[in-house]
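# Secondary and tertiary structure notes
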Amino acid sequence: MTDEIVEDSKPSLPEHVRVRFCPSPTGTPHVGMVRTALFNWAEARHAKGTFVFRIEDTDAQRDSEESYNQILDALKWLNIDWDEGVEVGGPDGPYRQSERADIYKDVAAKLLEAGYAYESYSTPEEIEARNVAAGRPKAFGYDGYDRNLTEEQREQFRAEGRRPALRLRMPDEDVVFNDLIRGSIEFKAGSVPDYVIVRPNGDPLYTLTNPVDDALMRINVVLRGEDLLSSTPRQIVLYRYLMELGIAKEMPLFGHMPYVMGEGKKKLSKRDPESNLFLHRENGFIPEGLLNYLALLGWSIAPDRDVFSMEEMVEKFDVRDVKANPAHFDLDKAISINAEHVRMLEPQDFLNRSVPYLHRDGVVSADSWDALTDREREILTAAAPLVQPRVRLLGEVSGMAGSLLSAEGYIEPDVDARKQLKDSAAEVLDKAIVALEGVEETAWLTDDLHNLLNKALVEEGGYKPRLAFGPVRVAVSGRRVSPPLFESMEILGKDVTLARLRGLRDHL
């Protein structure tokens, strides 16, 4: 195979684009899967075409209903909608391969009858033995032995109790196609052996079901991962046969998206934590931020611009602009982009989305805004402008807002917060307590508190601001990094603030 990218050879897209997303429900949704869904969705929406979502669940040993439900959960959370497919229906259903067995059986019979497929009785052991006898590597692959069996030979195998697989007959010619991303790609004649489309037990394989479904669902643009590129000549040849049989109307265009690489320049594995979509959700990514970052894994909206909305992506996306080079998943950059989108949320939207994380972490009494107490809503509304600009993930909100929502008179400091306390901390806290005790409740306001402590600790006490306000911050929040100190003190009120200052003083 040659894999040279020839830009000028990239073909034009059809007038009405029909793309599909067709995962197998074999595990937790991963970022590579989502990137595939995103690029198909964006192409369909940009071209005002059709996005089909089907499930390839013919592997009974590996497929699970749990994984199927997780895939649905993932797409709905990310707001990736589809026009035809599972749950929404459409003209070409059913949209789960496990419900399409009769269709595959019928097509396989037609391929066999037309001579495009043939019965193959060779066992893996026999294939290996023939390879060794011919001086080829043991794992060289299938040698075409069954291509021209006579009916008498087939009858003999049947009499032995053998059941045949069905193999597709590959032509003795080069297979060339224009990839939407990689340009002209050529597979030399003989480089792809005849391959199995139906197992001896009658079960159809992906090599049959996937192109048949694409043909019957009139998919004309196939966008998928680079790892499937080696199977493309098989699909093209099968498509030609399906067109000859009147099952397919046209050959689809193919585009193979670049690998997503993880640490150490290795392909991101399902087992890598960074690949786990739900782990990112659990940590507090929001759909806008995660999708924005995944869009950058092979595509860009403009030079030197990384942050954009999905509406902007749809407006600009063209799969032919996707780069063929592997893309590296950089978690730090993903978090940074997510932070930008968190900051762009409307304050109430930010709070609504944060509450489930706050409830998970035991900080508030309920998992929805409306179910919170009046006091919780009051504090969170006041805290939002302090917290929202300072968190990158919604999972960080609890750490920032937790101290404001707590009525505890003493908060055990984080380890790094306690480490930053100097020998002067006790004296600083004593002076702060004295200064604050005389403040009236009505005067317990951000600016007044700032001015008062600045005068007592910096101007009169002689402490540098870091040494003056550091112990007060640790007492109030238990953290080295917190929402703005004096705004936090106003939200907490006089009694709780003084209780925390005294609490830390007693625990030094």
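These remarks concern the structure in this document. The structure displayed is predicted, hence computed values, not measured ones. (Residues numbered from 1 in each chain as written. Predicted model: local features only at pLDDT ≥ 70, side-chain atom pairs only at ≥ 80, totals over all residues. Heavy atoms only, no water.)

## What about the packing of aromatic side chains?
Tallying each qualifying case throughout the model produces 10 aromatic pairs. Ring geometry for Tyr293 and Phe329: centres 5.3 Å apart, planes at 85 degrees, overall edge-to-face. Of this pair, Tyr293 sits in helix α9 (residues 287–295) while Phe329 is found in the loop between β12 (327–328) and α11 (331–344), placing the two residues 36 residues apart along the sequence. Both rings, one in Trp299 and one in Phe317, keep their centres 5.3 Å apart while their planes meet at 55 degrees; by these two values the pair is tilted. Taken as a pair, Trp299 in the loop between α9 and α10 (310–316) and Phe317 in the loop between α10 and β12 lie far apart in primary sequence, 18 residues in all. This pair shows no difference in class: Trp299 is buried, exactly as Phe317 is. (Phe/Tyr/Trp six-rings, centres within 6.5 Å; stacked < 30°, edge-to-face > 60°. Helix = DSSP H or I, 4+ residues; strand = E, 2+ residues; numbered from the N terminus. Buried < 20%, exposed > 50% of the residue type's maximum accessible area, 1.4 Å probe, protein only.)

## Concerning the pattern of salt bridges
The final tally for this structure, using the stated rule, is 45 salt bridges. Across the pair Arg54 and Asp214 runs a salt bridge whose closest N-O atoms are separated by 2.8 Å. Highlighted residues: Arg54 in the loop between β2 (50–53) and α2 (65–77) and Asp214 in helix α6 (residues 206–216), separated in sequence by 160 residues. In this structure Asp214 comes out as buried when scored by relative accessible area, which is 0%. Notably, a salt bridge pairs Glu186 with Lys188, separated by 2.6 Å at the nearest N-O pair. What makes Lys188 partly exposed here is its relative accessible area of 45%. Among the charged side chains, a salt-bridge network with shared partners connects Arg20, Arg54, Glu56, Arg100, Asp213 and Asp214. (Salt bridge = Lys/Arg side-chain N within 4 Å of Asp/Glu carboxyl O.)

## Quick word on the sheet that holds β2
The 3 strands are arranged β1-β2-β3 in an open sheet whose pairing can be described as parallel. The two strands at the open ends of the sheet, each matched to only one other strand, are β1 (18–21) and β3 (84–85). Summarising the sheet, β2 and β3 pair through 2 bridges and their orientation is parallel. The partner of Val52 across the bridge, within β3, is Glu84. (Pairing = 2+ DSSP bridges.)

## A closer look at the pairing of strand β6 (residues 175–179)
Here β6 shows a buried face lined by Val175, Phe177 and Asp179 and an unburied face lined by Val176 and Asn178. Direction of pairing for β6 relative to strand β7 (residues 183–187): antiparallel, over a ladder of 5 bridges. Looking at β7, one finds that Asn178 is bridged to Ser184. From the end of β6 to the start of β7, which pair antiparallel, there are 3 residues.

## Comments concerning a negative patch on the surface
A surface patch of like charges, here negative, comprises Asp447, Asp448, Glu487 and Glu490. When contributions to the negative patch are tallied by element, the ones reaching two or more residues are α17 (446–459) and α19 (485–492). Turning to its location among the elements, Asp447 is positioned in helix α17. (Patch = residues over 30% accessible without salt bridge, like charges linked within 9 Å, V, L, I, M, F, W, Y side chains within 5 Å. Areas by Shrake-Rupley, 256 points an atom, 1.4 Å probe, with all protein chains shown as cover. Lys, Arg positive; Asp, Glu negative; His and termini not counted. Charge placed at Lys NZ, Arg CZ, Asp CG, Glu CD.)

## Things to note about the sheet that holds strand β4 (residues 117–120)
Sheet architecture is open: 3 strands sit in the order β4-β5-β8, paired in antiparallel fashion. This sheet does not close on itself; its edge strands, each paired only once, are β4 and β8 (195–198). On average, adjacent strands in this sheet sit at an angle of 45 degrees to one another, irrespective of strand direction. Direction of pairing for strand β5 (residues 165–168) relative to β8: antiparallel, over a ladder of 3 bridges. In the sheet register, Arg167 faces β8, and the bridge partner there is Val196. (Axes fitted to C-alpha atoms, helices over the stretch in contact; angles between N-to-C directions.)

## Examining the nonpolar core
Generally speaking, nonpolar side chains in soluble globular proteins are found buried as a group. Ranked by size, the top nonpolar core spans 94 residues in total, and within it Leu38, Leu111, Leu208 and Met313 carry the most contacts. Counting residues in hydrophobic clusters, the runner-up holds 55 residues, among them Leu429, Leu453, Ala468 and Met489. (Core = buried A, V, L, I, M, F, W, Y, C linked by side-chain atoms within 4.5 Å.)

## Looking at the packing of helix α12 (residues 347–360) against helix α13 (residues 374–387)
Contact pair α12 / α13: the axes reach a minimum separation of 11 Å and the direction vectors enclose 100 degrees. It follows from the interaxial angle that α12 and α13 lie roughly perpendicular. Here Phe350, Leu351 and Leu358 of α12 lie close against α13, whose contacting residues are Leu380, Thr381, Ala384 and Val387. The residue inventory of the contact of α12 with α13, partitioned by class, reads 6 nonpolar, 1 polar and no charged. (Parallel < 35°, antiparallel > 145°, perpendicular 65-115°, else oblique. Contact = heavy atoms within 4.5 Å. Nonpolar A, V, L, I, M, F, W, Y, C, P; charged D, E, K, R; others polar.)

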